[in-house]
Amino acid sequence: RRVLLLGEGNFSFAASFCGAAGTHVVATCYESEEEVSGRGRAAESIRRLRGRGAEVVFSVDCTKLKDYFLPEKREFDCIFFNFPHCGRKAGVVKNRELLAHFFHSSAEVLTEEGEVHVALCSGQGGTPADQPRREWHNSWQIVAVAAGAGFILSNVHPFRAETIHGYKCTGYRSQDKPFCVEGALNHIFTRSTLLPFFKPMICAIELENRKVSFQVPQVLVDKMNRGFLELNSNHPVRTVKEKLTAELSQAFPLQNIDYCLSLLHQGHLNGVCHSNIFWIILSPEETPSTEEMSNGLANAVSFSHIDFCRNTDKNGRENVQEGCHISKQYYLRPSLLPYAQAIIQRGAFLPGTLHVLSGPVFRKCLIGPYSMPVFHEVVFVCAVNRGTENSCIQMLVNNIKTSIYSLYQTVSGFKVIINLQEATSFETAELNDFAAFESQLSKIQYFICMDTGTSGSCEKGSCVGVIRTAHYELLSSELVVVFASLNLDILAMLICGISDWRMLWTSDRRFLCQFSRGQLRLFKSFSLYPPFYVHDVSFWVPDGEQFDEVA
C-alpha cells in the first residue's frame, strides 16, 4: 500500500507508520527542509523515515498534489492530512477553501478504492459526530466540502493521539507549539459513485415463439437483467427468499417454478389503474427502431382489447385514436399472480404442494424510500380441498412468520411483531403502495404486516405480503387455491436495516461486500451525514383536465 501523509509538522506521525508490513510511506510537509529541521525531534523523525525506506518530500502544496509526483507514482491507497489549517488566525471560510482545494487535488492522486483521512479538532467538522456540535455556519462543513470533489464520509472515529507511539502535535498558529487535540475526530472519506447517465436501452426477448424487442422505460434502464435471484447471487434479496423457502419446505412439499416467466404481459387487469402500468409497444412482424420509439411511438397504450394510439395536438392536448397499425400491445408484468393463476387453470400443479414463483415486477408509483417502481416478488401457491383452506392459510402464515421473526432477530438482535390482519380492517389511505396495488389486482383476505417499532398497526412501509384465495373447478372436485405474495425487497430492507430501496439496487461494491457468501447482516451505511436538499416544483394543469399524480 502506498500511503501519502500531508502537512507533517515534525514528522512524528509519519515516523509511527514506518516499518508497517506492506506499506510504503511518502511523508510531506508544506515548509522547506531548513524550516522544519529546527523543530524539536523533526530531524530525528526524518532520519528514521529515510532509514526505513520512506520518501520525505518538502515544500508540498496539498492543493496541487499531482505536480509533485510522476504519473506512474501518483496513485495512493491512503492519504492522511492531520489538522489542516491555513495558518495564523485564518477563519472558517479560509479553511473551508483549503479543504475544498485539497479534496479536488486528492481525487487526482487517489486509487479508485482509496481513502482520505482528515483529522480535525473538536467541533471543526460540523457533523453530528462532534460533541459539542458547532453551528453549521461556524464549522468547516467538511462533508459538504468533500462532496464537491466527489467524496463521501464513510467513517468517523476519535483521533487518539496517546495511542500513536512517539506522536507529538505541533503547529499552533504556525509556531512550534502543541495545540489541544482532546475530542478530535478522524474523518475517513471514500469516493462517491458518479451519478450514471444511462443511454436508451432496447430489451430483446422471445415472445410467443418469436424474437421481439422493446425500449425499456427510462426509470428502469439500470434495473433490467440484474440477476439478483440467480444461483450465483449473494444479494440479500435472494438470501431472504432462500431462507423463506427453506423454512416452508419443512411444512410443505415444495416445487420451484423455475422456467422463464415472460417480462411482458398481455390482457386486461381488472381494477388496476392504467397509470400504474408500464405500457410497452412492440410489433412481432417488425420491431420498432430506437429512433421510432424515441419519436413518440412508445406513448401508444391500450385501454381495452381495441388498439389505440395517444398523440397530442399543437396545444398539447391529448387525442386518443383507434387503429394505429400496431399488432399487439403489452405491459411490463406488474405481478406474478396471473402466471400463478395460469398454472392452476392449466392443471399444471400438484394439490397439496407449495409452488413457488419469483422474479422482478414493475409498477409505476410515487417513488419514496419504501415505494419502488420495481421489486422482487415471490408467490407461494397451494391448492387444497374445499373446507381445509383455513388450516392451510394458518400453516402457511405461521411458517412465514417464524422465518421472518428468526431472520430479523438473528440479524438485528431485536424482536419483531408480525401480524396477520384482515383486509377489511384497512382503508386504502392506510396501505403502502405495495399493499394498495395488490388490492387492485384481486380480493385480499389478509395483509402480512411487519412492525419493527412499538406500534402494532400497518404503518407505511410495513406491509410485506398479502394472502388471497380463489375457487377452481378442477380434477372433478372443487379446489380452493391459496396465494401468498411477498415483497422480497421490503422484507430485505426491514431485516437488514436498509432505509432506501435504491440502495438494494446499487452496483456499489461497498454495499455488496457486506453480504458476501449469502450472509444477512445489519447494513452499515458508507455515506454518513450526507447533505440533504429539498426542492419544490410548481406547474399548471389546464382547466377541466383530471390530474394524475403518478403520471
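Predicted, not measured: the structure shown is a model, and the values here were computed from it.

**Re the overall build of the protein**
So, point 1. The number of helices and strands found in the protein is 13 helices and 21 strands.
So, point 2. Looking at the 551 residues of the protein, the share that counts as buried comes to 48%.
So, point 3. Nonlocal contacts in the protein, meaning residues at least 24 apart in sequence, comprise 68% of its contacts between residues at least 6 apart.
So, point 4. Accessible surface computed for the protein: about 28,300 Å², of which carbon and sulfur atoms make up 50%.

**Considerations on the packing of helix α9 (residues 389–412) against helix α11 (residues 488–496)**
So, point 1. Running from N to C, α9 and α11 cross one another at 35 degrees; their axes reach a closest spacing of 8 Å. Within the contact between the two elements, α9 uses I404, L407, Y408 and V411 and α11 uses L491, L494, I495 and C496.
So, point 2. Here the contact of α9 with α11 is composed, by residue class, of 8 nonpolar, no polar and no charged.

**Some points on α9**
So, point 1. Relative to the 34 Å expected for 24 residues at 1.5 Å per residue, α9 spans 34 Å between its end C-alpha atoms, a close match to the ideal helical length.
So, point 2. With its phi angle positive at about 85 degrees, G413 sits one or two positions after the end of α9.

**Quick look at the pairing of strand β5 (residues 110–120)**
So, point 1. A large share of β5 lies buried, amounting to 8 of its 11 residues.
So, point 2. What joins strand β4 (residues 76–82) to β5 is helix α4 (residues 92–107), and the crossover it makes is right-handed.
So, point 3. Looking at chain direction, β5 and strand β7 (residues 185–191) are connected through 5 bridges and run antiparallel. Counted as the bridge partner of H117 is I188 from β7.

**Here we look at the environment of E108**
So, point 1. Note on placement: E108 falls in the loop between α4 and β5.
So, point 2. Take E108: its relative accessible area is 44%, and that puts it in the partly exposed class.
So, point 3. In the structure, E108 is positioned 42 residues away from K66 in sequence and 6.5 Å away in space, judged by C-alpha atoms.

**Notes on the side chain of R333**
So, point 1. On the secondary structure map, R333 appears in the loop between β15 (328–332) and α8 (337–345).
So, point 2. Although R333 lies buried, it forms no salt bridge, and the closest oppositely charged side chain, E377, sits 7.2 Å away as judged by the N-O distance.
So, point 3. In terms of polar contacts, R333 uses its side chain to reach the backbone carbonyl oxygen of P360, at 2.8 Å.

Reading guide: rules and limits
- Residues numbered from 1 in each chain as written.
- Predicted model: local features only at pLDDT ≥ 70, side-chain atom pairs only at ≥ 80, totals over all residues.
- Heavy atoms only, no water.
- Helix = DSSP H or I, 4+ residues; strand = E, 2+ residues; numbered from the N terminus.
- Buried < 20%, exposed > 50% of the residue type's maximum accessible area, 1.4 Å probe, protein only.
- Contact = heavy atoms within 4.5 Å.
- Areas by Shrake-Rupley, 256 points an atom, 1.4 Å probe, with all protein chains shown as cover.
- Axes fitted to C-alpha atoms, helices over the stretch in contact; angles between N-to-C directions.
- Nonpolar A, V, L, I, M, F, W, Y, C, P; charged D, E, K, R; others polar.
- Expected span 1.5 Å × (residues − 1).
- Right-handed = clockwise from strand over helix to strand, strands pointing away.
- Pairing = 2+ DSSP bridges.
- Lys, Arg positive; Asp, Glu negative; His and termini not counted.
- Salt bridge = Lys/Arg side-chain N within 4 Å of Asp/Glu carboxyl O.
- Polar contact = N/O pair within 3.5 Å; in protein donor to acceptor, adjacent residues only side chain to side chain.

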